[in-house]
Every structure is written in C-alpha cells, then in structure tokens.
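So you can see what is in the structure, the chains are spelled out below.
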Amino acid sequence: MTSRNPVRITRGVPTSDGAGVRLTRLMGGGPGLPSVDPFLMLDLFDSPEATDYIGGFPAHPHRGFETVTYMLEGRMRHRDNRGHESVLDSGDVQWMTAGRGIVHSEMPEQKEGRMRGFQLWVNLPARLKMSEPRFQELPDAKLPVETRDGGVRVKVIAGTTARGTQGPIDTAATEAVYFDVTLPAGATFEEPLPIELAAFVVAYEGALRFDDGRRLDAVGLAELGPGDTVRLQAADVPARVLVIAGRPVNEPVAWQGPFVMNTREELQQAVDDYRAGRF
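Residues numbered from 1 in each chain as written. Predicted model: local features only at pLDDT ≥ 70, side-chain atom pairs only at ≥ 80, totals over all residues. Heavy atoms only, no water.

Tallied over the full model, the rule gives 25 salt bridges. Residue D217 is joined to R215 by a salt bridge in which the shortest nitrogen-to-oxygen separation is 2.9 Å. Residue classification places R215 among the partly exposed positions, given a relative accessible area of 35%. Each of R75, R77, R79, E85, D89 and E109 takes part in a single network of salt bridges with overlapping partners. (Salt bridge = Lys/Arg side-chain N within 4 Å of Asp/Glu carboxyl O. Buried < 20%, exposed > 50% of the residue type's maximum accessible area, 1.4 Å probe, protein only.)

Here we come to the environment of A254. Relative to the elements of secondary structure, A254 occurs in strand β23 (residues 254-256). Given a relative accessible area of 6%, A254 falls into the buried group. C-alpha separation for the pair A254 and E266, spaced twelve residues apart in sequence, amounts to 8.2 Å. When neighbours within four sequence positions are excluded, A254 is seen to be in contact with F259, V260, M261, N262, T263, R264 and L267. (Helix = DSSP H or I, 4+ residues; strand = E, 2+ residues; numbered from the N terminus. Contact = heavy atoms within 4.5 Å.)

Let us look at helix α1 (residues 264-275). Taking 1.5 Å per residue, twelve residues should reach 16 Å; α1 reaches 17 Å between its end C-alpha atoms and fits that length. Of all the residues in α1, the buried ones are L267, A270, V271 and D273. Viewed along the axis of α1, the buried residues span an arc of 165 degrees, placing them on a single side of the element. With respect to the buried face of α1, the exposed residues turned more than 90 degrees away are E265 and R275. In this fold, the buried residues of α1 make contact with β23 and β24 (259-261). (Expected span 1.5 Å × (residues − 1). Arc of directions from axis to C-beta.)

Turning our attention to the sheet that holds strand β4 (residues 39-47). Strand pairing in a sheet is mediated by backbone hydrogen bonds. Such pairs are either parallel or antiparallel. The strand order across the open sheet built from seven strands is β2-β3-β4-β11-β6-β9-β12, with neighbouring strands paired in antiparallel fashion. Looking at the sheet topology across the chains shown, the edges are occupied by β2 (13-17) and β12 (134-138). Here the strands of the sheet are splayed against their neighbours by 20 degrees on average, with no regard to which way each runs. In the sheet, strand β9 (residues 93-97) pairs with β12 via five bridges, with the strands oriented antiparallel. Across the sheet, residue W95 finds its bridge partner in β12, namely Q136. (Pairing = 2+ DSSP bridges. Axes fitted to C-alpha atoms, helices over the stretch in contact; angles between N-to-C directions.)

Quick look at the sheet that holds strand β19 (residues 215-217) now. With respect to topology, four strands assemble into an open sheet ordered β16-β21-β18-β19, the strand pairing being antiparallel. Whereas interior strands pair on both sides, the edge strands pair on one side only; in this sheet they are β16 (188-192) and β19. Averaged over all pairs of adjacent strands, the angle between strand axes in this sheet comes to 25 degrees, irrespective of strand direction. When β16 meets strand β21 (residues 229-234), the two strands line up antiparallel, connected through five bridges. Following the sheet pairing, F189 is matched in β21 by L232.

A few words on the pairing of strand β7 (residues 76-80). Taking burial as the measure, the five residues of β7 include four buried ones, the bulk of the element. In the sheet, β7 pairs with strand β8 (residues 85-88) via four bridges, with the strands oriented antiparallel. Bridging across to β8, R77 finds its partner in V87. What sits between the antiparallel neighbours β7 and β8 is a turn of four residues, in which G83 has the positive phi angle 85 degrees. Across five bridges, the pairing between β7 and strand β10 (residues 102-108) is antiparallel. Residue pairing across strands places R79 opposite S105, the latter belonging to β10.

The next subject is the environment of P38. Turning to its location among the elements, P38 is positioned in the loop between β3 (21-27) and β4. Owing to a relative accessible area of 1%, P38 belongs among the buried residues under this scheme. Once residues lying within four places of it in the same chain are set aside, the contact partners of P38 are W121, V122, N123, T174, G246, R247, P248 and V249.

Moving on, we get to the nonpolar core. Judged by nonpolar contacts, the single largest core of 28 residues is most densely connected at L42, F118, L120, Y178 and F200. Of all the secondary-structure elements, those providing two or more residues to this core are β3, β4, β6 (65-73), β9, β11 (115-123), β14 (153-158), β17 (198-205) and β22 (239-246). At four residues, β17 tops the list of elements feeding residues into this core. With near-sequence residues (within four places) excluded, L120 lies in contact with F39, M41, L42, E66, T67, V68, Y178, F200 and I244. In this structure, V177, L183, L193 and A245 belong to the second largest nonpolar core, which totals 26 residues. (Core = buried A, V, L, I, M, F, W, Y, C linked by side-chain atoms within 4.5 Å.)

With that settled, the discussion passes to the side chain of K129. Mapped onto the elements of the fold, K129 is located in the loop between β11 and β12. Buried within the structure, K129 lacks any salt-bridge partner; E251 is the closest side chain of opposite charge, at an N-O distance of 6.1 Å. A polar contact of 3.1 Å, which involves the side chain of K129, links it to the backbone oxygen of L124. (Lys, Arg positive; Asp, Glu negative; His and termini not counted. Polar contact = N/O pair within 3.5 Å; in protein donor to acceptor, adjacent residues only side chain to side chain.)

By themselves, these are just geometric observations and shouldn't be taken as functional.
Take a look at the structure:
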C-alpha cells in the first residue's frame, strides 16, 4: 500500500455569500484555492452569532452541477421553484442535482445559536448537465456510522468503505466518496482510496498527521497526491475530518456564478434561460 500524502495544503479565506452569510472558502476561491476535479468549490459556514448567518441565501439559480449541504449544527430550510421544501437539521445531508436548472433558497430556521456546516459543489459531465433536477435528502439517523478500533467513527454519506458500509447517496455520476471521520487523540484512520479518484481531506476540528509527517490543523484542506490508501492520525487532540474523493470529469469548465457548463455559449444560454423563466 502507498499512502496518499498532501500535494497542497490551504487554510481557506474569509468571504461572504448570499445575504451576507460569513463563510470560509476552502476551495474554488481563486488562484490560491484551486478546484480539485470533479469538485468545484467548498465552503464552511460556522458562527454562533446570528448576525453572521441570519440573512441566509435568498432565491438563486443553479445549472450544470450538484450542491451538497452537510449540516453539522443548526437548522436550514430549503424551498425551490419546483415545489420542493425541506428542513435540514444537525447531522442531515442534502445532495441536490441542479441539472438543467433550479431556483432555490436556503434560509436559517433559527435566530440564535451556532450554525455550522459545509457546502460542496460537484461538477457534472456534459451528458448530465441538462438532466432533470433531483434531491437526495437524508436525516442524520439514516446515515450509517462505522465504528473501528481505537474509537474511530466513520459516518458514511457517500461511497462504500473497505469494510462494506455503504452510504445512501447515489453518486454514480462521479463515484464520489464522502466520509466524516472522528478520531480520538492519537488514533489512526486508514482506508483504500484508488489513485484514479481525485481526493482531499478537510480537518475541521483538532489536527491530523500524514505518513510523510506533515500536519493539518483545523480548519485546513489537504489535496492528496498519488497512491492507493489514505492514512490519517489524530495529533495530540481529538480530530474530525472530511474525506472526499471522486472520479475527475476531465472536461472543459465554463463557470460563471451559479452556472457551470462546458462552453461560453452554454453559459450564455443558461443566463438567457434563467432570465426568461425557463428554469
């Protein structure tokens, strides 16, 4: 087995989106935060102050990719122009395939307390960019958790572990893997991760060490290099980490705001369709 060690470590940059929601952008924010095909962007929202999140994300469009919202703490309500409405609570996941187009809002269901979670954007291959929108929404209680030696816990959102625990989210388009791993201090997580899958990890609590001795402190992202296994050890404090991987799309990316297509002409068509109410 060959460990997949970091080829790039980033700390993310503060930013805001929606109606002033404060975020840390860990991927997809410019030259210092490049995307990892098929993953376009990753944001962490985390604040105990309602003023940082109360404005939420009013109605906005998407086309050509998927959004993955993972709520760690708090409550968020989704509404869209297709009549779908739901509430994400602590630990819940929504995997939304925007496909040919959707207009939705994501608004906090709380006026106080901490709101914390991630939103990941996943590209779609050209053959699926104009597919019908769909939702995969799972409450925390229906997301399997695998317990390993040393108190390591693996919450399996997408993909299948080497021990056979399968996440309930269908990610056939990119074969995406999405694990939330909890490690006691000094504990180790080891999992096969094929070289053909692009991969990264995000430490969002505590700190990790890789086999090459490099350390990743929260909140930080490490893009993984070649190899066939990911091996992470919590440092001198407990750690929580996202392990995310997927098969690269390997297609041209034309990206403008909430639209991700393959050509500038397709982008212009997306803008025209949205303005004409064809989403």
